[in-house]
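# Commentary on secondary and tertiary structure
This is what each chain is made of:
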Amino acid sequence: MAFDVEITLPSGKIRRVEELNNRDYLTISKYAENGDYKGLNLFFEKLSYIDSDLNIYDRFYLLIYVRMLFVDDKIHLTRDDDQMVEVSLISLLNRLEENYKDFTTTFTEGIYTIKLDLPFQSYFNSVDEMLTSCIRTIDNGVSVVDFFELTEEDKTAILNNLPVAIFNRIRFFLNTISDSMSNITLIDANESIGVNEFNVNIIGNGVMGFLTSLFSTSLKHVYEMIYIFTNTVTPGSDIYFDLSPIESRIILNTHNKRIQEQNQQNQNDQLQKKK
């Protein structure tokens, strides 16, 4: 059984997520390196980090949390003078918790009662998809369906039979939440250390854009890490791919420290012999 961690999300929902290993992190790095938002989102879904019952805000929070736990708890920003500044991901998560709002709303149009919420997707192929992703449940007076549990074919069949007035109400709702969530500040400006304010648009593909940058790393660096680890730290073993990125970095740093200490000891021994 893989190690997992319980995470309480801004909405109050709780999820247990499995540890991210280097094998999957390599795949994530490839998607990120290619700027493939859609592919990266699908891979996160394949890893079961995000599911159909999580809105885009919870998904964003959860994936930042995963990055913090298993890859690195900091991000490195480049200042105007090209110097690097570290920013803790905990501060980003705290900011997301502070800015969360419950937008759940219900309206009735004819025989239909529609429940809306923040989009239950984290990547959108079109504006129409963004619109329909806000639909949580549809009650036609006879039965209630959880819209996101339906197949794409069933969704299309239901949408084709809804009155136009319903789509106008949903569009108004989407505009409302977009106005409220379009400029969430994740990092405050700090002139003393040369950090500019950073904002993200929660409603749209800005979330996957940020996550792509967050998980992005040089593939050259990744492959160098694999080579060094499998040839010097654990030669003849592929345990590297079962470790998390943060674990392998700790082990490699410990290994390098031990080598340095041994080299220093050898130098000291040589000096003693010369005396």
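See above for the structure.
The following paragraphs examine the structure supplied in this document. (Residues numbered from 1 in each chain as written. Predicted model: local features only at pLDDT ≥ 70, side-chain atom pairs only at ≥ 80, totals over all residues. Heavy atoms only, no water.)

## Topic: the pattern of salt bridges
When their charged atoms lie close together, side chains carrying opposite charge are able to pair. Applying the stated rule across the entire model yields 15 salt bridges. Of the charged contacts in the structure, one is a salt bridge between arginine 95 and glutamate 98, with a shortest N-O distance of 3.4 Å. In this pair, arginine 95 and glutamate 98 are both assigned in helix α4 (residues 89-99), 3 residues apart and thus about one turn of the helix distant. Under the relative-accessibility criterion, glutamate 98 is labelled exposed at 59%. We note a salt bridge from lysine 155 to glutamate 152, for which the minimum N-O separation is 3.4 Å. Placement of both lysine 155 and glutamate 152 in helix α6 (residues 152-159) is noted, with a separation of 3 residues, approximately one turn of the helix. Owing to a relative accessible area of 56%, glutamate 152 belongs among the exposed residues under this scheme. (Salt bridge = Lys/Arg side-chain N within 4 Å of Asp/Glu carboxyl O. Helix = DSSP H or I, 4+ residues; strand = E, 2+ residues; numbered from the N terminus. Buried < 20%, exposed > 50% of the residue type's maximum accessible area, 1.4 Å probe, protein only.)

## Thoughts on the sheet that holds strand β5 (residues 105-109)
Strand order in this open sheet of 4 strands is β5-β6-β7-β8, and the pairing throughout is antiparallel. The open sheet has two edge strands with one neighbour each: β5 and β8 (144-146). This sheet shows a mean twist of 20° between the axes of neighbouring strands, independent of strand direction. In the sheet, β5 pairs with strand β6 (residues 112-116) via 5 bridges, with the strands oriented antiparallel. (Pairing = 2+ DSSP bridges. Axes fitted to C-alpha atoms, helices over the stretch in contact; angles between N-to-C directions.)

## Things to note about the nonpolar core
By size, the foremost hydrophobic cluster in this structure holds 70 residues, and its most contacted members are Phe60 and Ile202. Judged by nonpolar contacts, the second largest core, of 10 residues, contains Leu219, Met225, Val233 and Leu243. (Core = buried A, V, L, I, M, F, W, Y, C linked by side-chain atoms within 4.5 Å.)

## Quick notes on the environment of leucine 211
Here leucine 211 lies in helix α8 (residues 206-215). For leucine 211, a relative accessible area of 1% translates into the label buried. Discounting chain neighbours no more than four positions away, the residues touching leucine 211 are Phe60, Leu63 and Ile64. (Contact = heavy atoms within 4.5 Å.)

## Section: the packing of helix α2 (residues 37-46) against α8
Relative to each other, α2 and α8 sit at 80°, their axes nearing to 10 Å. Compared by their axis directions, α2 and α8 come out roughly perpendicular. Here Tyr37, Leu40, Asn41 and Phe44 of α2 lie close against α8, whose contacting residues are Met208, Gly209, Thr212 and Phe215. Considered class by class, the residues forming the contact of α2 with α8 number 5 nonpolar, 3 polar and no charged. (Parallel < 35°, antiparallel > 145°, perpendicular 65-115°, else oblique. Nonpolar A, V, L, I, M, F, W, Y, C, P; charged D, E, K, R; others polar.)

## What about the packing of aromatic side chains?
The tally for this structure, following the rule as stated, stands at 9 aromatic pairs. Plain terms: the ring middles of tyrosine 31 and phenylalanine 43 are 6.0 Å apart, the flat faces sit at 40° to each other, and that makes the pair tilted. Here phenylalanine 43 lies in helix α2 and tyrosine 31 lies in helix α1 (residues 22-33), a separation of 12 residues in the sequence. Judged by its relative accessible area of 9%, phenylalanine 43 falls in the buried class. (Phe/Tyr/Trp six-rings, centres within 6.5 Å; stacked < 30°, edge-to-face > 60°.)

## Concerning helix α3 (residues 56-70)
The terminal C-alpha atoms of α3 lie 21 Å apart, and with 15 residues this matches the ideal 21 Å at 1.5 Å per residue to within 8%. The buried fraction of α3 is high, at 13 of 15 residues. The distance from a side-chain oxygen at the start of α3 to the backbone nitrogen of tyrosine 57 is 2.9 Å, and the residue carrying that oxygen is asparagine 55. (Expected span 1.5 Å × (residues − 1). Polar contact = N/O pair within 3.5 Å; in protein donor to acceptor, adjacent residues only side chain to side chain.)

## Details of the environment of threonine 105
Mapped onto the elements of the fold, threonine 105 is located in strand β5. Overall, threonine 105 belongs to the partly exposed group, its relative accessible area being 31%. With sequence-adjacent residues up to four places away left out, threonine 105 is seen in contact with Ile114, Lys115, Leu116 and Phe173.

## Comments concerning the layout of surface pockets
A volume near 580 Å³ is recorded for the largest pocket. Lining the largest pocket are 25 residues, and of these Tyr25, Arg67, Val71, Ser216 and Thr217 lie nearest its centre. For the lining of the largest pocket, the secondary-structure elements that each account for two or more residues are α1, β3 (74-78), α8, α9 (219-233) and α10 (245-274). Ranked by residue count, the leading element in the lining of the largest pocket is α10, at 5 residues. (1 Å grid on protein atoms, 1.4 Å probe; cavity = no way out; pocket = protein on both sides within 12 Å on 5 of 7 lines; lining within 4 Å. Points joined across faces, edges and corners; volume = space filled by probe spheres on them.)

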